[in-house]
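Chain by chain, the residues:
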Amino acid sequence: MRMFLLLFSSMVVAIGLVGCGDDDEGQPLDASCFDYGSFQVGTEEVSLRRDVMPVLQASCTFGNSCHGTISGSQGLVYLGPVQGVPPSIQHLQAVLDQTLDVMPVLKAGMPLITAGNAEQSFLMHKADNTLACGKLECAANDACGAPMPYQRDLASAEDRNKIRRWIAQGAKLN
């Protein structure tokens, strides 16, 4: 009887694990869309320098090859200095100049960052891996590109919420 229960339990676990697999693209089969309607912005001010830049530096600018050069290497937008370099006011301004109300190269139908509206900010869809959600024009022909950071785990929900709050609070130079 014990052997039967052990075998039965193993089969149940194996079947459950198969159901949690990935599709051919390597993306989770049941990726959920972020619920902006229930997102609580909160009252504590989120700072670009103090709160957002560490997240961007750890996820997006860890090397110059991605988003770590002001010139926007290979057409990529600048998201701050490489990790370990404290951002100056010029770095912060350059981030805003290249993202705030700037349309991405991909035809997303929304700016990279829309101050006051994280849901209408392409950067959040890239960071949340919600490229098939919402009103992205590029989703119709699967042309939104990869989620960010590229070929790495998404930033934690807590870190993405910092960026989301900062955008919702007006994407200020602070």
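The following paragraphs examine the structure supplied in this document. (Residues numbered from 1 in each chain as written. Predicted model: local features only at pLDDT ≥ 70, side-chain atom pairs only at ≥ 80, totals over all residues. Heavy atoms only, no water.)

In this section: the environment of Cys 66. Inspection of the secondary structure puts Cys 66 in the loop between α2 (48-59) and α3 (89-99). Assessed through its relative accessible area of 23%, Cys 66 is described here as partly exposed. Cys 66 sits 12 residues away from Tyr 78 along the chain, and the two C-alpha atoms are 8.4 Å apart. (Helix = DSSP H or I, 4+ residues; strand = E, 2+ residues; numbered from the N terminus. Buried < 20%, exposed > 50% of the residue type's maximum accessible area, 1.4 Å probe, protein only.)

Turning to the pattern of salt bridges, a few remarks are in order. Tallied over the entire structure, the rule returns 5 salt bridges. A salt bridge links Arg 164 to Asp 128, with the shortest nitrogen-to-oxygen separation between them at 2.6 Å. With a gap of 36 residues between them, Arg 164 in helix α5 (residues 157-168) and Asp 128 in helix α4 (residues 122-128) connect regions that are remote in the sequence. With respect to class, Arg 164 is no different from Asp 128; both count as buried. Residues Lys 162 and Asp 159 are paired through a salt bridge, measuring 3.6 Å at the closest nitrogen-oxygen approach. Here Asp 159 and Lys 162 lie together in helix α5, a separation of 3 residues that amounts to about one turn. (Salt bridge = Lys/Arg side-chain N within 4 Å of Asp/Glu carboxyl O.)

Tallied over the full model, the rule gives 1 cavity of 30 Å³ or more. Each pocket or cavity is described by its volume, and for the largest cavity that value is around 40 Å³. Lining of the largest cavity is provided by Val 52, Leu 56, Leu 79, Val 95, Ile 113, Leu 123, Ile 163 and Trp 166. Of all the secondary-structure elements, those providing two or more residues to the lining of the largest cavity are α2 and α5. Of the residues belonging to the lining of the largest cavity, the class tally is 8 nonpolar, no polar and no charged. (1 Å grid on protein atoms, 1.4 Å probe; cavity = no way out; pocket = protein on both sides within 12 Å on 5 of 7 lines; lining within 4 Å. Points joined across faces, edges and corners; volume = space filled by probe spheres on them. Nonpolar A, V, L, I, M, F, W, Y, C, P; charged D, E, K, R; others polar.)

Read these as spatial facts, not as claims about activity.
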